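What follows is the residue order along each chain.
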Amino acid sequence: MATSASAYENDIKNLKATELTLGLPGTHLQENIPIIDQEKSSASSSSNKRPLQLPHEETSPAQDCGSKCSNIAKNTDDDAAPPPSKAKIVGWPPIRSYRKNSLQEQSEAAGGIYVKVSMDGAPYLRKIDLKIYGGYPQLLKSLENMFKLTIGEYSEKEGYKGSDYAPTYEDKDGDWMLVGDVPWDMFVTSCKRLRIMKGSEARGLGCAV
Amino acid sequence: MKKAAYSFPEEVLEHVFSFIVSDKDRSSISLVCKSWYEIERWCRRKVFVGNCYAVSPPILIKRFPELRSVTLKGKPHFADFNLVPEGWGGFACPWIRAMAGAYPWLEEIRLKRMVVSDESLEIIAKSFRNFKVLVLSSCEGFTTEGLAAIAANCRNLRELDLRESEVEDLSGRWLSDFPDSYTSLESLNISCLGNEVNLLALERLVSRCPNLKTLRLNRAVPLDRLPNLLRGAPQLAELGTGAYTSEMRPDVFSNLAEAFAGCKQLKTLSGFWDVLPSYLPAVYPICSQLISLNLSYATVQSPDLIKLVSLCEKLQKLWVLDYIEDDGLEVLAASCKDLRELRVFPSDPFGLEPNVALTEQGLVSVSEGCPKLQSVLYFCRQMSNAALNTIARNRPNLTRFRLCIIEPRSPDYLTLQPLDDGFGAIVEHCKDLRRLSLSGLLTDRVFEYIGTYGKKLEMLSVAFAGDSDLGLHHVLSGCDNLRKLEIRDCPFGDKALLANAAKLETMRSLWMSSCSVSFGACKVLGQKMPRLNVEVMDESGPPDSRPESSPVEKLYVYRTVAGPRLDMPGFVWTMDDDSALRIS
């Protein structure tokens, strides 16, 4: 029994070498665990302390492998951000193509302008379509709903005084601006992503104008 | 005892048999004795063929000469996720041709995951005078021209359902091919069509068919046309909207709300592409009568979903995107005490980080609050053994449990342990579990639990799990009622497969891809088991151009009385006695 078990084990080892799997790293069974996954798995177990890190990937959701792979290749050229390159597994997650396509189409439909929204201290990113808001009041209301907080009203002189939160955005030039500084239409076309700042950093912003 | 069977006239037996409708029972009847077999086969009207290659058209027709309804399934389930290459098979044509000749009075054809050509549709349209029901579920290969043939010729058509099929949409004109005199439509599902249909023709069709109960539109039907359609069919029970967006105008809104309110029988809603949240309240008046709601295309946030769902007190089935979040599921659990089925789909399946606040907690809430919950499909990004344990103890009445933790091999996020115990609790407590899909970090131990407790399990889906053949062996040797097993990217190999070869004849099919099954073992299996078709798929070339110990890309094994199939494409090889000849 013992000999056949060890022979069997050898067979298994040999087979593993030729195993055709596109499995992801992430368990003790695999040797090469890229840094990003280690970071991710340790970060996710203490979700409230997650540092604010916005990965530099494309903003639109589900794309098929071809375009996604090329986008990933582009992103790995960015310095600073850890490369989000992840081999896309065929047929995983198990979702029908028409669903994937539909989600993607809806995000592209009617020229939706999707931007990521993050909030300091929150583990979840959101994506919103700026096109569906008529102006700043609706956007702010929506953000308040989404993150369950009060941002209050914008004033040119004092920003969002009285609130612990300040909505900011990164514009086309890479500058971080306070939401509300520019006319709405200009904002919609120049906003790359949103970040809701919290605490003293936030309170300081309004007065810097 | 002599000739006791003949003391009942045949007609009486036939009459008695006519009350037996379940396939299983009819099969049992036919095994009682030869005369019952004979009587039964002549009066069988409905047949379900779970695998179109398990039997052939001539065999079917020879045994059942008087069928009125045939259901056929083609490709394996994993075809839904692009794991089955194009051209694999599942061609409907030979079946349709054969049935056209043998069953002039055929009324119903239902096909799933099959390749259907326009030619086949034309044959259907011209061959069956009393044709009533055509359901093409997840099919492909036909165009709107084929649909035009059906519309133009099937005078008694009641149901045309194209659910989730891939149709080459050449023109929306086909709908006009229903003659003006045609009024028998009861169910129409065109939700999968990409282009606009002729809206005027649609409106006229809908309003002249008084028995229309189900209408599922496609995305291209604009929202402002919906009120007219609804007014033309106030008796509708099931509606799938088109795009649910329009310029926000109060008159459009009130028109829509009024039209919805007029549909007093409406119980099922779906569609909801491109939802503009401010239009959702138009359905509020009918929410209290809804039993089924499919919001799985509605990209709206949790607050809007919560408002809607909290009004649906009679809801039994909800399909929704993970935008509903844990908060929304908590409201669902509190509001919808009659819930039987929940499916939560991912809004950003390929994103590297969570984009919504949906965790295992949402599912736990629903399991606590909904006593009738039986069927679950849940995509999420974290799970724990504790949560699975709670769910299992809360809901021992679960019959279908499919969990997809998006990152393969994710451990229990609290303990970093495998999720063996959690899934073990599911199979142990849910004694009537028929369908299970696993995910997360799993060792052979979970399969030991499944083999021990999963006695009623009929379908199991496994991905990126297990350590060794022992895992597969536990399942094949322990799950007495297993019919379909589909496995991908697991270290399962030859030993378990060959040791349980006989089991495979008691199942409909086994799929294994990216596992460790060697070509040699496949050959052995094929030779040992003549009543199984052992098909090896390899797109990189003939398997015998590599060593016998090389693992095959994909393996599909199924029982059959029809022998090896003859329509295999170049990348599929069948292993049987003649396999040596076939490959060379």
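Because the structure is a prediction, the values reported are computed rather than measured.

**Q** Describe the overall build of chain B, and please don't skip the residues or the numbers.
**A** A count of helices and strands for chain B gives 22 helices and 23 strands. Taken over the C-alpha trace, chain B has a radius of gyration of 26 Å; the compact-globule value for 584 residues is 25 Å, and the two agree within 12%. Structurally, chain B occupies a C-alpha span of about 70 × 65 × 55 Å along its principal axes. Burial status across chain B gives 61% buried among its 584 residues. Taking all contacts inside chain B whose residues are at least 6 apart in sequence as the whole, residues at least 24 apart take part in 70%.

**Q** Hey, could you go over helix H7 (residues 144-153) of chain B for me, with residue numbers and the actual values?
**A** Residue and element names in this part refer to chain B. Across the 10 residues of H7, seven count as buried, placing the element largely inside the fold. Looking only at H7, the buried set comprises Thr-144, Gly-146, Leu-147, Ala-148, Ala-149, Ile-150 and Ala-151. In this fold, the buried residues of H7 make contact with helix H6 (118-127), strand E4 (133-137), strand E5 (140-143) and strand E7 (166-168). Among the residues of H7, the N-terminal cap falls to Thr-143, whose side-chain oxygen and the backbone nitrogen of Glu-145 are separated by 3.0 Å.

**Q** Give a detailed account of the pattern of salt bridges, specifying residues and quantitative values.
**A** Under the definition given, this model contains 37 salt bridges over all chains. For the salt bridge of Arg96(A) with Asp80(B), the shortest nitrogen-to-oxygen distance reads 3.7 Å. One end of the pair, Arg96(A), is in the loop between helix H3 (65-75) and helix H4 (97-108); the other, Asp80(B), is in the loop between strand E2 (69-73) and helix H5 (93-102), on a second chain. Accessibility classification places Arg96(A) together with Asp80(B) in one group, the buried group. The network of salt bridges with common partners includes Arg96(A), Asp80(B), Arg113(B) and Glu164(B).

**Q** Go over helix H15 (residues 385-394) of chain B with me, naming the residues and quoting the values.
**A** All names here are of chain B. For H15, the set of buried residues is Asn-385, Ala-387, Leu-388, Ile-391 and Ala-392. Considered in projection along H15, the buried side chains sweep an arc of 160° and stay on one side of the axis. Buried residues in H15 make contact with helix H14 (360-369), strand E16 (400-405) and helix H16 (420-429).

**Q** An account of the packing of aromatic side chains is requested, with residue identities and associated values reported.
**A** With the rule as written, the count across this model stands at 24 aromatic pairs over all chains. Considering the side-chain rings of Phe447(B) and Phe492(B), the 5.4 Å spacing of their centres and the 80° angle between planes classify their relative orientation as edge-to-face. Remark: Phe492(B) occurs in the loop between strand E19 (484-488) and helix H19 (494-499) and Phe447(B) occurs in helix H17 (residues 444-453); sequence separation between them is 45 residues. Note on Phe447(B): relative accessible area 1%, which makes it buried. Chaining the aromatic ring pairs together yields one cluster made of Tyr53(B), Phe78(B), Phe81(B), Trp88(B), Trp511(B), Tyr556(B) and Tyr558(B). Across from the ring centre of Phe147(A), 5.3 Å away, lies the NZ or CZ of Arg126(A), which sits over that ring.

**Q** Can you explain a nonpolar patch on the surface? Please cite residues and give values.
**A** Among the surface-exposed residues, Phe8(B), Val12(B) and Val16(B) lie close enough to one another that they form a single nonpolar patch of about 240 Å² accessible area. Structurally, the position occupied by Val16(B) is in helix H1 (residues 10-17).

**Q** Break down the pairing of strand E1 (residues 114-119) of chain A for me, with residues and values.
**A** Residue and element names in this part refer to chain A. Counting buried positions along E1 gives five out of six residues, so the element sits mostly inside the fold. Pairing geometry for E1 and strand E2 (residues 126-129), over four bridges, is antiparallel. Opposite Val-115, over in E2, you have Ile-128 as the bridge partner. Relative to strand E5 (residues 191-198), E1 is paired through four bridges, and the arrangement is parallel. By the bridge assignment, Ser-118 is partnered in E5 with Arg-195.

**Q** Describe the UniProt feature "domain: F-box" (unreviewed entry) in chain B, with residues and values.
**A** Under the local residue numbering, the UniProt record ascribes the feature "domain: F-box" (unreviewed entry) to residues 8-49 of chain B. Annotated as residues 8-49 of chain B, this span is 62% helix and 10% strand, and its ends, taken at the C-alpha atoms, are 31 Å apart.

**Q** So, the sheet that holds E5(A): which residues are in play, and what are the values?
**A** All names here are of chain A. The strand order across the open sheet formed by five strands is E2-E1-E5-E3-E4, and the pairing between neighbours is mixed. At either end of the open sheet lies a strand with only one pairing partner, and these are E2 and strand E4 (176-178). Adjacent strand axes in the sheet meet at a mean angle of 30°, parallel and antiparallel pairs treated alike.

**Q** Now, about the environment of Gly369(B): what can you tell me, with residues and values included?
**A** Residues and elements named next belong to chain B. In this structure, Gly-369 sits in helix H14. According to the relative accessible area criterion, Gly-369 is buried, its value standing at 13%. It is 25 Å that separates the C-alpha atoms of Gly-369 and Lys-456, two residues lying 87 residues apart in sequence. Leave out the neighbours within four places in its chain, and Gly-369 touches Ala-333 and Lys-337.

**Q** Break down the nonpolar core for me, citing the residues and quoting the values.
**A** Residues and elements named next belong to chain B. Counting 198 residues, the largest nonpolar core has Trp-174, Tyr-244, Phe-260, Leu-318, Phe-401 and Ile-450 as the members making the most contacts within it. It is helix H10 (residues 250-261) that contributes the most residues to this core, six residues altogether. The residues that make up this core include at least three from each of domain 2 (382-477 + 487-492) and domain 3 (499-583). Other than its neighbours up to four places away in sequence, Ile-450 contacts Val-427, Leu-436, Leu-438, Leu-457, Leu-460, Val-475 and Cys-479.

**Q** Any chance you could break down the pairing of strand E13 (residues 317-321) of chain B for me, citing the residues and the numbers?
**A** Residues and elements named next belong to chain B. Most of E13 is tucked away, with four of its five residues classed as buried. At this point the chain moves from strand E12 (residues 292-295), through helix H12 (residues 302-309), to the parallel E13, and the crossover so formed is right-handed. Crossover connection from E13 via helix H13 (residues 325-335) to parallel strand E14 (residues 341-345): handedness right-handed.

**Q** Tell me about the side chain of Glu341(B), and name the residues and values.
**A** Residue and element names in this part refer to chain B. Among the structural elements, Glu-341 can be located in strand E14. According to the relative accessible area criterion, Glu-341 is buried, its value standing at 14%. Among the polar contacts listed, one links the side chain of Glu-341 to the side chain of Trp-319, at a separation of 2.8 Å. Filtering out sequence-adjacent residues up to four positions away, Glu-341 remains in contact with Gln-316, Lys-317, Leu-318, Trp-319, Leu-373 and Ser-375.

**Q** Tell me about the confidence of the model for chain A, and please be specific about residues and values.
**A** All names here are of chain A. Of all residues in chain A, 53% attain a pLDDT of 70 or more, and the chain-wide mean is 65. Note that residues 1-5 has pLDDT below 50 and, in this model, zero contacts with residues that lie over four places away or in other chains. In the model, residues 25-85 has pLDDT below 50 throughout and makes 72 contacts with residues more than four positions away in sequence or in other chains.

**Q** Quick rundown of the side chain of Ser367(B)? Include the residues and the values.
**A** All names here are of chain B. For Ser-367, the location among the structural elements is in helix H14. One polar contact links Ser-367 to Asn-394, side chain to side chain, over a distance of 3.1 Å. If we skip the residues at most four places from it in the chain, Ser-367 touches Leu-373, Ile-391, Asn-394 and Arg-395.

**Q** Give a detailed account of the environment of Phe178(B), specifying residues and quantitative values.
**A** All names here are of chain B. Relative to the helices and strands, Phe-178 resides in the loop between E7 and strand E8 (187-189). Each C-alpha atom of the pair Phe-178 and Leu-482 lies 44 Å from the other, and the pair is 304 residues apart in sequence. Ignoring anything within four residues of it in the chain, the contact list for Phe-178 reads Ala-151, Leu-157, Leu-160, Leu-205 and Arg-208.

**Q** Residue-level account of the environment of Arg483(B), with values.
**A** Residues and elements named next belong to chain B. Examined against the element boundaries, Arg-483 turns out to sit in the loop between helix H18 (469-478) and E19. For Arg-483, a relative accessible area of 31% gives the class partly exposed. Not counting the four nearest positions on each side in its chain, Arg-483 is found in contact with Glu-458, Met-507, Arg-508 and Ser-509.

**Q** With reference to specific residues and values, describe unusual backbone geometry.
**A** Each neighbour pair has its own omega, and for Trp92(A) with Pro93(A) the value is -10°, a cis peptide bond. Relative to the assigned elements, Pro93(A) resides in the loop between H3 and H4. For Lys148(A), which is not glycine, the phi torsion reads 55° and is therefore positive. Relative to the helices and strands, Lys148(A) resides in the loop between helix H5 (136-147) and strand E3 (165-171). Under the relative-accessibility criterion, Lys148(A) is labelled exposed at 57%. For Leu416(B), which is not glycine, the phi torsion reads 65° and is therefore positive.

Rules behind the numbers
- Residues numbered from 1 in each chain as written.
- Chains lettered and ligands numbered in written order.
- Predicted model: local features only at pLDDT ≥ 70, side-chain atom pairs only at ≥ 80, totals over all residues.
- Heavy atoms only, no water.
- Helix = DSSP H or I, 4+ residues; strand = E, 2+ residues; numbered from the N terminus.
- Rg over C-alpha atoms; globule rule 2.2 N^0.38 Å.
- Buried < 20%, exposed > 50% of the residue type's maximum accessible area, 1.4 Å probe, protein only.
- Contact = heavy atoms within 4.5 Å.
- Polar contact = N/O pair within 3.5 Å; in protein donor to acceptor, adjacent residues only side chain to side chain.
- Salt bridge = Lys/Arg side-chain N within 4 Å of Asp/Glu carboxyl O.
- Arc of directions from axis to C-beta.
- Phe/Tyr/Trp six-rings, centres within 6.5 Å; stacked < 30°, edge-to-face > 60°.
- Lys NZ or Arg CZ within 6 Å of the ring centre and 35° of its normal.
- Patch = residues over 30% accessible without salt bridge, like charges linked within 9 Å, V, L, I, M, F, W, Y side chains within 5 Å.
- Areas by Shrake-Rupley, 256 points an atom, 1.4 Å probe, with all protein chains shown as cover.
- Pairing = 2+ DSSP bridges.
- UniProt positions renumbered as here; feature names shortened; annotations may be inferred.
- Axes fitted to C-alpha atoms, helices over the stretch in contact; angles between N-to-C directions.
- Core = buried A, V, L, I, M, F, W, Y, C linked by side-chain atoms within 4.5 Å.
- Domains from an automatic or database assignment.
- Right-handed = clockwise from strand over helix to strand, strands pointing away.
- pLDDT = per-residue confidence, 0-100.

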